[in-house]
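# Summary of the model geometry
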There are 2 protein chains.
Amino acid sequence: MTYCVGLRLNRGLVFMSDTRTNAGVDNISVFKKMFQWESEGERSITLMTAGNLATTQAVVSLLNERAKPAEERGAPSILEAPSMFQVARLVGETLREVIASQAGDSGPDAEGAFSASLILGGQVRGGDPRLFMIYPEGNFVEASDDTPFFQIGETKYGKPILVRAYDPEMSFEDAVKLLMLSFDSTIKANLSVGLPLDMHLYETDTFRHGLRRRIEQDHAYYQMISSSWGEALKEAFQTLPSYSLD
Amino acid sequence: MTYCVGLRLNRGLVFMSDTRTNAGVDNISVFKKMFQWESEGERSITLMTAGNLATTQAVVSLLNERAKPAEERGAPSILEAPSMFQVARLVGETLREVIASQAGDSGPDAEGAFSASLILGGQVRGGDPRLFMIYPEGNFVEASDDTPFFQIGETKYGKPILVRAYDPEMSFEDAVKLLMLSFDSTIKANLSVGLPLDMHLYETDTFRHGLRRRIEQDHAYYQMISSSWGEALKEAFQTLPSYSLD
């Protein structure tokens, strides 16, 4: 499985992804699921992937090959597309193309096995930062004020804290704390989501990558958050009045 | 869908279930999913159901018919079985029998469509209170100190708070608060889980039903818990130090 979250804040975009892949519980590996493209001063693009690893790696490889400026191409690459909307179309088409080619002639049923979902976010000069969720069919939806974040993979355990504590005005520091709590709840409940985590903080109108970090098992802040949250939650629980049996 | 939780405390057993059933999102109904049998001074048994409604209703009807003392029967009924373990075996066999009869000759694939899971708890004189999770195959596992609660149905959204705030020493008042928070997280995230809720608090060595309540939409305490928890959680979130970007 996988867990990735993309968060839209007023000050920018925050991305976090785990790195565990598994084929059964007895075969786990570490693979990066966050990928970036940049043309400094003009655009920063981040992609996170969930689903069939062969599919998502092929999508990233194709996007990379087609992004080479030297290459003779007919279609524009994600480093040339004029807007984030056009970048999302390009990525969606690439995803659909890869799934269709993996499934071959085996028909729509086979496509399920090769399926994948993506979160895409970034900013291209001339537009605002935008965040998209891209489906295996190649179509996509955009984050809005009502739904300011997207999750892919094992989304359920980590959702309640996101829903309750998210605030569009929050700082990057608080957003990282929030995402770490959401990941910690998920990692504690689902073996197929695991450390290390990758993160990227994109700041609006910088048009280049922001802070990028890998959070390893021994990351002091993550460990502190993970162990303190249980106590903080218990204290919050105690502040609410108990049910009366009368 | 459904959400039911059975909790094993030192002072007894706590059961809570929702009442929403759905066939698609455009066809929802209210059905009770918590059932009780009692022989006062001797045993109290509670059953909660998730899965195919025709299956679970048939199981409960069969258990009721067979519990009639006047009836001539070869096998012991759940009001006569000598221990909670034997009650669980009886309920498990009934579940397997119903699923097999619903699926008829259509083979194992059809059984998936008629599948159901159960949480069974209670106490029979001569034994301790016991809590079981019963699978569609008719077999079952028992709650232990390591795993003191069972969930069936939509289990993921409501699990993190259970894991963090559960304490075997907690009072019934706190246990109801905890379960309401777990249900509230689930109801806020999954439309197919809904109010009203049924609950039952069984106190160890009373050998009769304890407090049983139905929590309706306008239940003042539930509404207070639901609206206060967001604030309490935000405050808990603020007490943890923020991530440092340096």
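Residues numbered from 1 in each chain as written. Chains lettered and ligands numbered in written order. Predicted model: local features only at pLDDT ≥ 70, side-chain atom pairs only at ≥ 80, totals over all residues. Heavy atoms only, no water.

## Notes on the relation of the copies chain B and chain A
- Note on the copies: chain B fits chain A at an RMSD of 0.0 Å, the axial shift is 0.0 Å, and the rotation between them is 180 degrees. Such values leave the two copies arranged in the relation of a two-fold axis. The position closest to the rotation axis in chain B is occupied by the C-alpha of tyrosine 157 of chain B, lying 2.6 Å away.
- The share of interface residues of chain B whose copies in chain A are also at the interface is 100%, consistent with both copies meeting through the same surface. (Least-squares fit on C-alpha atoms with pLDDT ≥ 70 in both. Contact = heavy atoms within 4.5 Å.)

## Digging into the pattern of salt bridges
Residue and element names in this part refer to chain A.
- Under the counting rule described, the total for this entry stands at 20 salt bridges over all chains.
- Ionic pairing is found between aspartate 18 and lysine 33, a salt bridge with its closest N-O pair at 2.7 Å. In this pair, aspartate 18 sits in the loop between β2 (12–17) and β3 (20–22) while lysine 33 sits in the loop between β4 (28–30) and β5 (34–39), placing the two residues 15 residues apart along the sequence.
- The buried category is assigned to lysine 33, whose relative accessible area is 2%.
- Arginine 43 is paired through a salt bridge with glutamate 42; the nearest N and O atoms lie 2.7 Å apart. (Salt bridge = Lys/Arg side-chain N within 4 Å of Asp/Glu carboxyl O. Helix = DSSP H or I, 4+ residues; strand = E, 2+ residues; numbered from the N terminus. Buried < 20%, exposed > 50% of the residue type's maximum accessible area, 1.4 Å probe, protein only.)

## Digging into the interface of chain B and chain A
- Every contact between the two is made by 46 residues of chain B and, on the other side, 46 residues of chain A.
- Counting each side, the surface lost to burial between chain B and chain A is near 4,200 Å², with a carbon and sulfur contribution of 66%.
- By the criterion of area lost to chain A, the three top residues of chain B are Arg164, Phe237 and Tyr243 of chain B, representing 24% of everything that side buries.
- Between the two partners, chain B and chain A, sit 4 salt bridges.
- With a closest N to O distance of 2.7 Å, arginine 164 of chain A and aspartate 184 of chain B form a salt bridge.
- Listing elements by their share of the side of chain B that touches chain A, those giving two or more residues are α4 (159–165), α5 (172–189), β11 (197–203), β12 (211–215) and α6 (220–239) of chain B.
- In terms of residue count, α6 of chain B provides more of the side of chain B that touches chain A than any other element does, 14 residues in total.
- When grouped by side-chain class, the residues that make up the side of chain B that touches chain A number 26 nonpolar, 8 polar and 12 charged. (Buried area = accessible area lost by both parts, 1.4 Å probe. Nonpolar A, V, L, I, M, F, W, Y, C, P; charged D, E, K, R; others polar.)

## What about the packing of helix α1 (residues 53–67) of chain B against helix α2 (residues 84–103) of chain B?
Residues and elements named next belong to chain B.
- Where α1 contacts α2, the axes come no closer than 9 Å and their chain directions differ by 130 degrees. Relative to α2, the element α1 lies oblique. You can see that α1 and α2 cross each other, and the crossing is right-handed. Of α2, the residues touching α1 (which contributes Ala54, Thr55, Ala58, Val59, Leu62, Leu63 and Arg66) are Val91, Thr94, Leu95, Glu97, Val98, Ile99 and Gln102.
- Taken together, the residues of the contact of α1 with α2 break down into 9 nonpolar, 3 polar and 2 charged. (Axes fitted to C-alpha atoms, helices over the stretch in contact; angles between N-to-C directions. Parallel < 35°, antiparallel > 145°, perpendicular 65-115°, else oblique. Left-handed = near helix turned anticlockwise from the far one by under 90°.)

## A word on the sheet that holds β11 of chain B
Residues and elements named next belong to chain B.
- Sheet architecture is open: 5 strands sit in the order β10-β1-β2-β11-β12, paired in antiparallel fashion. With one partner strand each, in any of the chains shown, β10 (149–153) and β12 form the two edges of the open sheet. Averaged over all adjacent pairs, the angle separating strand axes in this sheet is 10 degrees, with direction ignored.
- Sheet analysis places strand β1 (residues 3–9) next to β10, joined by 5 bridges and oriented antiparallel. Looking at the pairing, leucine 7 lines up with phenylalanine 149 of β10. (Pairing = 2+ DSSP bridges.)

Taken by themselves, the reported measurements are silent on function.
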